[in-house]
Amino acid sequence: MIKRILPPLLSGALFGAGLALGGMTNPARVRGFLDLFGSWDPTLAFVMGGAVIVMAIAWRFQPKMAQPFFSDAFSLPSRTDLTPRLIGGSALFGIGWGVAGLCPGPGMAALVIDPLSAAIFVAAMLAGMFLVRLTEGAG
Amino acid sequence: MTILGFPDAAPAAGLGGGILIGLAAAMMLLGAGRIAGVSGIAARATGISDSGMSRSSAWMFLLGLPLGAGIVALMSGGLDAQFASPVFLIVAGLLVGIGTRLGSGCTSGHGVCGVSRLSKRSVVATATFMAAGIATVAIMNGFGLEVLR
């Protein structure tokens, strides 16, 4: 029980702590990074850089492991095709990210920073996700 | 620590936060054998997506996000934050929800986990949402739209 619950909880908590420490739970800072042609705030580049460096090291270890520490097998994305859906979806996501300065992780971490604002964002986000599922179910 | 010319930037805290995020994602990869993509995990927890980790693991990860942020907020005596007004939060949330499902990921799954793996799809997705975000803020500022309260 503990072995099943603790690792994802710890990973999520580390993730949330990193977001908060890096200032990503403050939409003003995120929008400051996206304001490249105005008063640019480069902080997010350091957050992204730090995370990518650590993960690049983790990716070097992954192929040497027969299986993950707490699971039977690796289950990783393997697609390499570039589709209009990938690019169009990412563009819509980027527009939403720019409008409010929130993406999914910080949106949920911010539930303890500004509960009402974060809850409005997260509810709308889940509604958007559900909408895609609905249209795909019908099509 | 500050950077000359960017008095508001917090590079040391940013790098420290980034390293924690990287460790969290590395733990998910090497521990559970999965990508720490928050949009995918949120869809999995709520039953919007049927594939991925177990639903209980997804919920535990999501629960951890505000828990970790709350601990940092407590230790630092509160965090500065300025949020958009509700109308903008709703519009943004819908776009983020639709976009991340169509685009198969967000800043964490594509931007951190995919880019560090040099996945072609993730590099293209990240370049796309970065460009779209930068363009959106530039256009909104150009029209003098005040978003943050």
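Residues numbered from 1 in each chain as written. Chains lettered and ligands numbered in written order. Predicted model: local features only at pLDDT ≥ 70, side-chain atom pairs only at ≥ 80, totals over all residues.

### A word on the overall build of chain B
Move 1: Tallying secondary structure elements over chain B gives 6 helices and 0 strands in all.
Move 2: Counting from the amino terminus, chain B carries its helices and strands in the arrangement α-α-α-α-α-α.
Move 3: Projecting the C-alpha coordinates of chain B onto the three principal axes gives extents of approximately 45 × 35 × 30 Å.
Move 4: Taking contacts inside chain B between residues at least 6 apart in sequence as the whole, the part at least 24 apart equals 41%. (Helix = DSSP H or I, 4+ residues; strand = E, 2+ residues; numbered from the N terminus. Contact = placed C-beta atoms within 7 Å.)

### With respect to the overall build of chain A
Move 1: Scanning chain A for helices and strands turns up 6 helices and 0 strands.
Move 2: Listing the helices and strands of chain A from first to last along the sequence gives α-α-α-α-α-α.
Move 3: With the principal axes as the frame, chain A shows a C-alpha extent of 50 × 40 × 35 Å.
Move 4: Within chain A, contacts between residues at least 6 apart in sequence are counted, and of these 43% link residues at least 24 apart.

### Here's the deal with the interface of chain B and chain A
Move 1: Taken residue by residue, the interface counts 101 residues in chain B and 105 residues in chain A.
Move 2: In terms of residue count, helix 1 (residues 11-32) of chain B provides more of the side of chain B that touches chain A than any other element does, 21 residues in total.

### Concerning helix 1 of chain B
Move 1: In a regular helix each residue adds 1.5 Å, so 22 residues correspond to 32 Å; helix 1 of chain B covers 31 Å between its end C-alpha atoms and thus fits that length.
Move 2: One or two positions beyond helix 1 of chain B, positive phi appears at G33(B), with a value near 75°. (Expected span 1.5 Å × (residues − 1).)

### Things to note about the packing of helix 3 (residues 43-61) of chain A against helix 1 of chain B
Move 1: Two elements in contact, helix 3 of chain A and helix 1 of chain B, have axes whose closest approach is 7 Å; the angle formed by their N-to-C orientations is 30°. The angle between helix 3 of chain A and helix 1 of chain B places the two elements in the roughly parallel class. Viewed along their axes, helix 3 of chain A and helix 1 of chain B form a crossing whose handedness is right-handed.
Move 2: Of the residues belonging to the contact of helix 3 of chain A with helix 1 of chain B, the class tally is 19 nonpolar, 7 polar and no charged. (Axes fitted to C-alpha atoms, helices over the stretch in contact; angles between N-to-C directions. Parallel < 35°, antiparallel > 145°, perpendicular 65-115°, else oblique. Left-handed = near helix turned anticlockwise from the far one by under 90°. Nonpolar A, V, L, I, M, F, W, Y, C, P; charged D, E, K, R; others polar.)

### What to know about the confidence of the model for chain B
Move 1: The pLDDT averaged across chain B works out to 96; a share of 99% of its residues lies at or above 70.
Move 2: Model confidence for the complex is summarised by a pTM of 0.96, with the ipTM given as 0.97. (pLDDT = per-residue confidence, 0-100.)

### So, the environment of R133(A)
Residues and elements named next belong to chain A.
Move 1: Mapped onto the secondary structure, R133 falls in helix 6 (residues 115-138).
Move 2: Judged by local crowding, R133 falls into the partly exposed class, with 17 C-beta atoms found within 10 Å.
Move 3: As for R133 and A66, which are separated by 67 residues in sequence, their C-alpha atoms are 35 Å apart. (Buried ≥ 20, exposed ≤ 12 C-beta atoms within 10 Å, placed from the backbone.)

### A short note on the domain arrangement of chain B
Residues and elements named next belong to chain B.
Move 1: Segmenting chain B into domains produces domain 1 (1-80) and domain 2 (82-149).
Move 2: Where the side of domain 1 that touches domain 2 is concerned, the elements lending two or more residues are helix 1 and helix 2 (38-45).
Move 3: Of all the elements, helix 2 adds the most residues to the side of domain 1 that touches domain 2, at 4 residues.
Move 4: Of the residues that constitute the side of domain 1 that touches domain 2, the class distribution is 6 nonpolar, 4 polar and no charged. (Domains from an automatic or database assignment.)

### A few points about helix 4 (residues 86-102) of chain B
All names here are of chain B.
Move 1: For helix 4, which comprises 17 residues, the first-to-last C-alpha distance of 24 Å matches the rise-based estimate of 24 Å (1.5 Å per residue) to within 8%.
Move 2: Among the 17 residues of helix 4, 14 are classified as buried, and the element is accordingly described as predominantly covered.
Move 3: Just past helix 4, the residue S104 takes up positive phi, approximately 60°.

### A closer look at the nonpolar core
Move 1: The biggest cluster of nonpolar side chains holds 93 residues, and the ones touching the most others in it are F121(A), A24(B), A25(B), A69(B) and A92(B).
Move 2: The element that contributes the greatest number of residues to this core is helix 1 of chain B, accounting for 12 residues.
Move 3: Built from parts of two domains, this core gets at least three residues from each of domain 1 (1-80) and domain 2 (82-149) of chain B.
Move 4: When neighbours within four sequence positions are excluded, A25(B) is seen to be in contact with A51(A), M55(A), A36(B), V112(B) and C113(B). (Core = buried A, V, L, I, M, F, W, Y, C linked by C-beta atoms within 7 Å.)

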